[in-house]
Amino acid sequence: MAGVLLLAIAGCLFGQGAAQATTKPHILLIVADDLGWSDVSWNNPYVMTPNLHTLATAGVIFNQTYGQRFCTPSRTALLTGKFPFRLGMQRVIGRNKPHGLPLDEELLPQKLKKLGYATHMIGKWHIGSCKWEYTPTERGFDSFYGYHHGGEDYYTHTAARGLDFWDGKTSVSDQNGVYSTESFATRAESIISQHDLNTPLFLYMPFQSVHTPHQVPFSYLQPFSTIQDDNRSSILGMATALDDAIKRVKDALKDKGLWDNTLTIFMSDNGGQYSDGQSNWPLRGAKATLWEGGNRVPAFVHGNMLERTGYTYNGMMHGVDILPTLVSVAGGTEDPGLDGKNMWQSISTGADSPRTEFVYTIDSEADSYAIRVGDYKLIIGGKTGKGGWYAPAEMQQMGILTETVDETGPFLFNIREDPLEKSNLYGVAEYASIQRAMRHRLNELKAFEVPFPTDLANDPAADPSNYGDVWMPGWC
């Protein structure tokens, strides 16, 4: 999975008088892209994200929340409540590939529309757009303002010679030169200010930040001028710009009289890529790997409706749990066909998590598998890749060293006792029964895999030159 996630729920028992006309909770879901474990201030004091920090420390910080290892599968899990390996969405969808999230899946916005919600999306899609039917306004969103693919220029909103910026089904050309983080915040302010208070609101904001390219207004670089790594200083500036944009969204909710009814959950889509300047330290590995650094993400929940606050929650949680949790809070019923668990009781009271296992990936085409069951994690096959502990530049300048290792799997770790994955227990006689049980469970799960279509060639029909230099859907 490429990124981070913020979501807000306003409860009917915490209304703001006349301003809060609906009895349904409002929901704001914000995802940051490639924001690593050590790219937020509550995990790294060198990071400047004061608005997020205030929300996190006044709420509940999640210590064991997971996405997938890059963008497409993370967003698939979030919006379907299902592990991506069950849907053929284990890998990243390329711009020229005729593939997308299966159209028979009912997504989170579709479920919330049935519960009476107005649904809006601002930001990154990246779960298929070769057909219009794959795109946001065909999949439950009343409006969409953002881009369909994995990454692009923050100012020109182009990638590979084509524009990818949309307002619904109309390409956007008037934002050339406007930093996307600011453009998205401006649209959010507009949606919130115009919102009908008699209708519950679902606003999904998967930001571009802090995915590459390294672009940010110069004023955000100045506080990090002493960092001797241009990529790292750019990422820190981009994180602060993201934090400012989130403050604008929060302030808009306050101005509308909704903020006191807002519950906020923050979560990155996946870990950061250390070679691009993001940091998952002290966790092992990077984005696109099966190590904890690629999958375990910074997250928190904040809001007046929480029964307990000001602590760190150590229960296991996964991106697939967001959909059933939100549907439950919104008054819907649970779907037994989902992989996700309703986490509301756990995150609002500190109760034990109902989740006991999850899948990092099952990808037979790549011979790559990893699962977590209880305290234990099993990694088999494939290339683990980038398996070191990569300290960010600001910590290296303080004398904290990066560690690298050259190991080959399989791997078995006790993540509760060894969250940094330094002691491989695979093949150790004492853990033979656990190893057998983990392999048995993995084999059971493999039966549900839908392979990612690796035989898809780049289709020349996708080329933006066919559509006036715009990455246009509708070609497959």
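As the structure is a computational prediction, the values presented were derived from the model and not from experiment. (Residues numbered from 1 in each chain as written. Predicted model: local features only at pLDDT ≥ 70, side-chain atom pairs only at ≥ 80, totals over all residues. Heavy atoms only, no water.)

1. Re the overall build of the protein chain
Put simply, the rule reads: By definition, any uninterrupted DSSP run of H or I lasting at least four residues is a helix, any uninterrupted run of E lasting at least two residues is a strand, and each is numbered from the N terminus. Computation of the radius of gyration draws on C-alpha atoms alone. For the globule rule, the value is 2.2 Å times the number of residues to the power 0.38. Only protein chains enter the calculation, and the probe is 1.4 Å; a residue is then buried if its accessible area is under 20% of its type maximum, exposed if over 50%, and partly exposed in between. All accessible-area figures derive from a Shrake-Rupley calculation using a 1.4 Å probe, and residue coverage is judged against the displayed protein chains alone. Here Asp and Glu are counted as negative and Lys and Arg as positive; His is not counted, and neither are the chain ends. Note on charges: their place is set at NZ of Lys, CZ of Arg, CG of Asp or CD of Glu.
The helix and strand tally for the protein chain stands at 10 helices and 19 strands. Against the 2.2 N^0.38 benchmark of 23 Å for 476 residues, the protein chain shows a C-alpha radius of gyration of 21 Å, consistent with a compact globule. Dimensions of the protein chain, computed from C-alpha atoms along their principal axes, come out at roughly 65 × 55 × 50 Å. Among the 476 residues that make up the protein chain, the fraction classed as buried is 59%. Of the roughly 17200 Å² that the protein chain leaves accessible, carbon and sulfur atoms contribute 49%. Side-chain charges of the protein chain comprise 39 positive and 52 negative groups, with the mean position of each set lying 3 Å from the other.

2. A short note on the side chain of Ser 38
Mapping Ser 38 onto the fold places it in the loop between strand S2 (27-32) and helix H1 (50-58). For Ser 38, a relative accessible area of 0% translates into the label buried.

3. Some words on the nonpolar core
The test is simple: The criterion is simple. A nonpolar core is a set of buried Ala, Val, Leu, Ile, Met, Phe, Trp, Tyr and Cys residues joined through side-chain atoms within 4.5 Å. By definition in these notes, contact holds between two residues if any of their heavy atoms fall within 4.5 Å.
Of all hydrophobic cores here, the largest spans 89 residues; its most connected members are Phe 62, Leu 108, Phe 202, Leu 203, Tyr 204 and Met 205. Considering every element that reaches this core, the biggest residue donor is helix H5 (residues 230-255), with 10 residues. Apart from the residues lying within four places of it in its own chain, the contact partners of Leu 203 are Ile 27, Leu 28, Leu 29, His 120, Ile 122, Ala 188, Ile 191 and Ile 192. Counting 28 residues, the second largest nonpolar core, distinct from the first, contains Ile 362, Ile 379, Phe 411 and Leu 412.

4. Details of the UniProt feature "domain: Sulfatase N-terminal" (unreviewed entry) in the protein chain
What counts is decided by this rule: UniProt positions are given in the numbering used here, feature names are shortened, and annotations may be inferred rather than shown by experiment.
UniProt feature "domain: Sulfatase N-terminal" (unreviewed entry): in the numbering of this structure it lies at residues 25-331. Taken end to end, residues 25-331 is 26% helix and 17% strand, and its two terminal C-alpha atoms sit 9 Å from one another.

5. Some thoughts on the sheet that holds strand S16 (residues 357-363)
We count it as follows: By definition, two strands form a pair when at least two bridges between them are found by DSSP. Fitted lines through C-alpha atoms serve as axes, helices being fitted only where they are in contact, and the angles separating the N-to-C directions of these axes extend from 0 to 180 degrees.
On the basis of which strands lie adjacent, the open sheet formed by 4 strands has the order S16-S17-S18-S19 and antiparallel pairing. Across the chains shown, the open sheet's two edge strands, defined by having one partner strand only, are S16 and strand S19 (411-414). Shown here is a sheet whose adjacent strand axes are inclined to one another by a mean of 10 degrees, direction ignored. As judged from the 6 bridges shared by strand S17 (residues 368-373) and strand S18 (residues 376-381), these two strands associate in the antiparallel manner. Counted as the bridge partner of Tyr 369 is Ile 380 from S18.

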